[in-house]
Amino acid sequence: MKKRECLEWSEDDEMNKDDDLAEFPLPVPWQNVDAEGLDCDYALLFTKEEAYRLFDRLETEVVYLTGHEARVQVYGKVHDIPRKQAVYGEPGLNYTYSGVKHFARQWIPTLEYIRDSVTKVTGQVFNFVLVNRYKDGLDHMGEHRDNERELDPLCPIASVSLGASRDFVFRHRDARGRGRRRIEPVKLQLVSGSLLLMNPPTNTYWYHSLPRRRAVCQPRINLTFRRIISSDEKGSLMTTSTS
DNA sequence: AATGGCCCAACTCT
DNA sequence: GAGAGTTGGGCCAT
């Protein structure tokens, strides 16, 4: 039996050639993804060429978390997270992942350029980005919601994909566990240069994941731009003290 | 045969 | 103080 070969970039491009998107000036018209409590918008933000240029720059520039910052404890066992993560944003902002607080590194020009490109087509302003790098199809991210308290609940999360295409799955919270409702998952393929906007209240009702895909051998970098409410703003919104 | 989908494990933090 | 969150492995279906 012939062993399955991994796709090269060129073959990837070949596969995408016959979607008619190339003839549109970017970004292509938004495609709305809609379900009960789910509201997303998907578009191509960058051409294939620009996406790979940005990918290459990020490959040399992004500084990822290492050591204990790249590990997580689950059910008493310590694991390396199955991907690499980096955190950039306004000075002082931080992001807590599984109980570990990471302070944002200062913006770098490539990330600012991508951030501003997203702002240009969405009108939304972001002060923070979480970078996830999946070296191949075995790197993945388990099902979760981006519902940290410090996120601005009215701001969409903007997810930019560069590099390999990957499947992306939404599952309704009531469709999980036993005694669940039968709500179909929503599955997307996120291609290089694409932008997925996750609008409220999507993250309240829907979990999302990036499942393992053994056939994928190339890396993908994902940038999720967010708006984090600073502790100052949070403090001013508090109605009572803890006394 | 190999892949994917789904649940579960026990402990920390909110 | 209850409930949610984190990954790998094992079981099952295709």
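For clarity, every value in this text was computed on a predicted model and none was experimentally measured.

Draft legend 1. The arrangement of the protein's contact with DNA strand C in detail. Neighbouring DNA strand C are 16 residues; Arg83, Tyr97, His140, Asn147 and Tyr207 lie closest to it. Sugar and phosphate atoms constitute 78% of the interface atoms of DNA strand C, taking the interface as everything within 4 Å of the protein. Between Arg145 and DNA strand C, the recorded distance is 3.3 Å, taken from a side-chain N or O atom to a phosphate oxygen. Between DNA strand C and Tyr207 there is a distance of 2.9 Å, counted from a phosphate oxygen to a side-chain nitrogen or oxygen. Of all the secondary structure elements, the ones that give two or more residues to the surface near DNA strand C are strand S3 (71–74), strand S4 (77–80) and strand S9 (141–144). For the surface near DNA strand C, the class distribution of residues is 6 nonpolar, 7 polar and 3 charged.

Draft legend 2. The packing of aromatic side chains, seen in detail. As enumerated under the stated definition, the model contains 6 aromatic pairs in all. Each ring, one from Trp107 and one from Phe225, has its centre 6.5 Å from the other, and the planes form 15°; the classification is stacked. A residue pair is termed long-range when its members are at least 10 positions apart, and Trp107 in the loop between strand S7 (100–103) and helix H3 (109–122) and Phe225 in strand S15 (residues 220–226) qualify at 118 residues. Both residues of the pair, Trp107 and Phe225, belong to the buried class. The structure contains a cluster of three or more aromatic residues connected by ring pairs, namely Tyr95, Tyr97 and Phe128.

Draft legend 3. Inspection of the sheet that holds strand S11 (residues 166–172) at higher detail. An order of S9-S14-S11-S12 is seen for the 4 strands of this open sheet, with the pairing classed as antiparallel. Two strands bound the open sheet, and with one partner strand each, they are S9 and strand S12 (186–190). The average undirected angle you get between the axes of adjacent strands in this sheet is 15°. Inspection of the sheet shows S11 paired to S12 by 5 bridges, in the antiparallel sense. Along S12, the bridge assignment pairs Phe168 with Leu188.

Draft legend 4. Fine view of the nonpolar core. Core analysis: the largest hydrophobic core is formed by 28 residues, its most contacted members being Phe128, Phe168, Phe170 and Leu196. Broken down by secondary-structure element, the contributors of at least two residues to this core are strand S2 (38–44), strand S8 (128–134), S11, S12, strand S13 (194–199) and strand S14 (206–210). The contact partners of Phe128, leaving out residues within four places of it in the chain, are Val87, Tyr88, Gly89, Leu93, Asn94, Tyr95, Ala104, Trp107, Thr224, Phe225, Arg226 and Ile228. If you look at the next biggest cluster of nonpolar residues, it comprises 27 residues, including Ala51, Leu58, Tyr64 and Cys155.

Draft legend 5. Structural context of the side chain of Asn127. Structurally, the position occupied by Asn127 is in the loop between H3 and S8. Sequence-distant contacts of Asn127, that is, excluding residues within four places in its chain, are made with Gly89, Glu90, Leu93, Trp107, Arg226, Arg227 and Ile228.

Draft legend 6. Inspection of the packing of helix H2 (residues 48–61) against H3 at higher detail. The N-to-C vectors of H2 and H3 enclose an angle of 145°; their axes lie 10 Å apart at closest approach. At the point where H2 passes H3, the crossing takes the left-handed sense. Contacts between H2 and H3 involve Glu50, Leu54, Arg57, Leu58 and Glu61 on the former and, on the latter, Thr110, Leu111, Tyr113 and Ile114. Considered class by class, the residues forming the contact of H2 with H3 number 5 nonpolar, 1 polar and 3 charged.

Draft legend 7. Main features of the pairing of strand S1 (residues 31–35). Pairing between S1 and S2: 5 bridges, direction antiparallel. Across the sheet, Asn32 pairs through a bridge with Asp41, a residue of S2. Linking S1 back to S2 in an antiparallel pair, the connection comprises 2 residues, with Gly37 at a positive phi of about 80°.

The rules we used
- Residues numbered from 1 in each chain as written.
- Chains lettered and ligands numbered in written order.
- Predicted model: local features only at pLDDT ≥ 70, side-chain atom pairs only at ≥ 80, totals over all residues.
- Heavy atoms only, no water.
- Near = heavy atom within 4 Å.
- Polar contact = N/O pair within 3.5 Å; in protein donor to acceptor, adjacent residues only side chain to side chain.
- Helix = DSSP H or I, 4+ residues; strand = E, 2+ residues; numbered from the N terminus.
- Nonpolar A, V, L, I, M, F, W, Y, C, P; charged D, E, K, R; others polar.
- Phe/Tyr/Trp six-rings, centres within 6.5 Å; stacked < 30°, edge-to-face > 60°.
- Buried < 20%, exposed > 50% of the residue type's maximum accessible area, 1.4 Å probe, protein only.
- Pairing = 2+ DSSP bridges.
- Axes fitted to C-alpha atoms, helices over the stretch in contact; angles between N-to-C directions.
- Core = buried A, V, L, I, M, F, W, Y, C linked by side-chain atoms within 4.5 Å.
- Contact = heavy atoms within 4.5 Å.
- Left-handed = near helix turned anticlockwise from the far one by under 90°.

By themselves, these observations are geometric and do not establish any function.
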